[in-house]
Amino acid sequence: MTRQNSLKLKLMAATAASALLLTACGGGGETESLDAPSPATKPAEVELGGESPIYEPYKLTGASALDVDAFFAMMGDENDPANVSYNSANFDESIGATVIEQLTTTDEDSTFTVGRMELYGVNEAHIQALKDTDGAAAKDEVFRKVRMFDVTVAGNGEEDAGGIVTIDGLEIDGLRLGGMSPDDSEALGDGQEFAAAMKAFDLGAIYIDGLSMQGIETEGTGISMAVTDMRFGGISAGKFGPISLENMDYTITQSDEAKAALIEAADPQMKAILSGPLGNIIMPEKQRATIGSMTFDGFSFAGLLPYLESGESAPLSADNLLSVGKLEARDAEVYVNDKLASTTGYSVMEPIDFAWLVPTRIKSYSTDVVTDLTAYVPDEQPEMLTLFKENGLDNLTGESEMLWTYDDAAGDASLVINTQTEGFANFDISFNASEAVLETLHTSATEDEGAAFQNVAIDGMKIRIEDEKLLDVIFAVAGSQMGQDGAQLRASAPLMINMGGQQFAQMNPAFPAYLAAISNWVGTGGAIEIAVAPEAPVAVATLAEAGQTAPQTLPDVLGLTVTHTAPEGE
């Protein structure tokens, strides 16, 4: 049996394929009545653990058989043909679904096969109405549920992508579609067109069991991925439900030709870095990441949709335009060229708060982090490998935290980043600004986008580095690359730094003191702190003017200090 496929049929396949990217969610296996009104699809709750909901018993009572041949004929589109074939199609009264065995669709790009497909509650009348009205029919249910098993999507190899995707089990728990206005689409702005598209469909929960993507390659960059269990809470009117997954394994490979192309496209400074020893660290041939489990509470722009739909900008007073939920990941690993480079026991990004469209609070942190920098050293550099191990770079433990806060009414903003690595180094970075009132910035951007941030003031900034092994390693690596002894290179560095300070003294008398602090830090270790603490907040416009007319005065304008703190006990 063979029929002509269409864009409508591809919509169902695309919905399934979108599950590969969106991940999937949970739901119950309750018995439903086909005669009862179908509830509007909405984002569902998700919960990991146990067998995937795909395999939970499900029965749709009051269902009737679907004429599969007539169904494919109705979906047909002679302008976009693709062969559809199957071995058998039967109505299974025990589950209330039409079951198709060994379904295959083929087009010029790929072959899509399903070992078993279960179609629950297909609304043939609505599908025909959508076809007759080019999607303008009132939104209604297209199907209640679709389950697929032994799914394969194989590229034909003619395009760069190619590759093969396999799924053990896939469920799409409801699709509602309609209310599109194609005749007016050309008159719609981008925002209006996007809002119309988001309102035209509701997609229920999606579950994926046993996903594998292999052999996908584009211009020398290969991608492969495997996930044991993925669950997605669906989409409805700009609300994206929660996401969860277990056991994700993701790999990216780059051929020598692909790396050469990236190096060639870089600016001269970056080209020099990528072409040197650091190139293997920044751009390894193979990178692999695994995550034991991940959960995301979902996000929403439902509050923004009415403004997009009307073609108007949301006022600054509008609340709840955007929301982003909590993201957690556990037991993550990163491999470089098949060597374990780092493990992270727990990472989290807390829910993001917004004022209008601007984040007012972002907090993330990672704990139980272990890093092995020897993973970035090529096997053909045994001396460098020994150097890293002797300095403990094969077992660095630590944690990190980032916090951004912004008061849109007062105009105060703050960024704090802390990274602690036991026995190696600790990094503390902070930045504070003021005069960034959202209403003022928005007005300035509306009148002159280039001047929007000119009146924002810098209150202060600090970069503090506490050395334990960092300096030893820097000079050991530098000495190895230069054919010199690292300790001797470090011992000679303070003199060179101080000589540079004397040369710059004519520009600003403070320069020798700055470089003296740096030279003391290089020579003896301890902590170095570079701080900006002006007597009063300094506007960006003032800094820009000083930078153009009298750059030597910038340290004084900013209240720049460089302070060295000797190691404890010295």
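This report concerns the structure included in the present document. (Residues numbered from 1 in each chain as written. Predicted model: local features only at pLDDT ≥ 70, side-chain atom pairs only at ≥ 80, totals over all residues. Heavy atoms only, no water.)

Throughout the structure, instances matching the rule amount to twelve aromatic pairs. Here Y55 and F149 contribute two aromatic rings whose centre-to-centre distance is 6.0 Å and whose plane-to-plane angle is 35°, an arrangement assigned as tilted. One end of the pair, Y55, is in the loop between β2 (32-33) and β3 (60-61); the other, F149, is in strand β9 (residues 145-155), and 94 residues separate them in sequence. A residue is classified by how much of its surface remains accessible, and Y55, at 33% relative accessible area, is partly exposed. Relative accessible area serves as the criterion here: at 15%, F149 is assigned to the buried category. Ring plane angle 40° and centroid distance 5.5 Å describe the contact between F194 and F301, whose orientation is recorded as tilted. Within this pair, whereas F194 is found in helix α4 (residues 190-199), its partner F301 is found in the loop between β17 (299-300) and α8 (305-310), the two being separated by 107 residues in sequence. (Phe/Tyr/Trp six-rings, centres within 6.5 Å; stacked < 30°, edge-to-face > 60°. Helix = DSSP H or I, 4+ residues; strand = E, 2+ residues; numbered from the N terminus. Buried < 20%, exposed > 50% of the residue type's maximum accessible area, 1.4 Å probe, protein only.)

Below, the discussion takes up the pairing of strand β16 (residues 286-296). Here ten bridges tie strand β15 (residues 243-254) to β16, and the two strands are oriented antiparallel to one another. Within the sheet, the bridge partner assigned to M248 lies in β16 and is I291. Taken together, the nine bridges between β16 and strand β19 (residues 327-336) define a ladder with antiparallel strand orientation. Looking across to β19, one finds that A289 is bridged to V334. (Pairing = 2+ DSSP bridges.)

Glancing now at the pattern of salt bridges. On inspection of all chains with the given rule, the structure shows 20 salt bridges. Taking the shortest distance from any N to any O, the salt bridge between E171 and R147 comes out at 2.6 Å. Here E171 is found in strand β10 (residues 164-177), whereas its partner R147 is found in strand β9, with 24 residues between them in sequence. Residue R147 is classed as buried on the basis of its relative accessible area, which comes to 5%. Between E350 and R361 there is a salt bridge, and its shortest N-O distance comes to 3.0 Å. One end of the pair, E350, is in the loop between β20 (339-349) and β21 (353-355); the other, R361, is in strand β22 (residues 358-371), with eleven residues separating them in the sequence. The buried category is assigned to E350, whose relative accessible area is 18%. (Salt bridge = Lys/Arg side-chain N within 4 Å of Asp/Glu carboxyl O.)

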